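# A closer look at the structure
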Amino acid sequence: MGNAAKRGILIKGGNHLEKIGQTVLFVARGKKLIGLIGIKDRVRKGSYGAIRNLRHKGIDDIALITGDCTEVGELVKNELGLDSLYANILPKGKVRIVENYQEQGKMVTMVGEGINDSPALATADIGIAMGTGG
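About the criteria used
- Residues numbered from 1 in each chain as written.
- Predicted model: local features only at pLDDT ≥ 70, side-chain atom pairs only at ≥ 80, totals over all residues.
- Heavy atoms only, no water.
- Helix = DSSP H or I, 4+ residues; strand = E, 2+ residues; numbered from the N terminus.
- Buried < 20%, exposed > 50% of the residue type's maximum accessible area, 1.4 Å probe, protein only.
- Contact = heavy atoms within 4.5 Å.
- Salt bridge = Lys/Arg side-chain N within 4 Å of Asp/Glu carboxyl O.

What follows covers the environment of R55. Tracing the sequence through the fold places R55 in helix α2 (residues 45–56). Owing to a relative accessible area of 29%, R55 belongs among the partly exposed residues under this scheme. Discounting chain neighbours no more than four positions away, the residues touching R55 are D60, D61, I62, G81, L82 and D83.

The following block contains the structure:
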């Protein structure tokens, strides 16, 4: 089997992993693609109750803004019963989404973790940074 065929198999494998909710990391040696790894974040147990409480308090537009691919985002959105999904979003794009909601007259609370969320957390009316400490 030639290198192009192996690369094609790995790409198809990566597509499959994304469809089942995994983020794909491609592994290379030099410039040669040699494998892939699928990783998946778990939804925190407390997320279900938090979403339920927000709905109970009248919050009617809960969105997921993620740098992950659409397939991964859709699975999380559906699992939590969220209203909107913005996938494949870089940090500046997250800021633009927050600003767009604000321009519509909405108060925005952004919950995030990690350096990629910091600009949007700072732009939101309320920014909640989550972490596990260290």
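This part is about the pattern of salt bridges. Scanning the entire structure with this criterion turns up three salt bridges. A salt bridge links R55 to D83, with the nearest nitrogen and oxygen atoms 2.9 Å apart. Taken as a pair, R55 in helix α2 and D83 in the loop between α3 (70–80) and β4 (84–86) lie far apart in primary sequence, 28 residues in all. Between D61 and K106 there is a salt bridge, and its shortest N-O distance comes to 3.0 Å.

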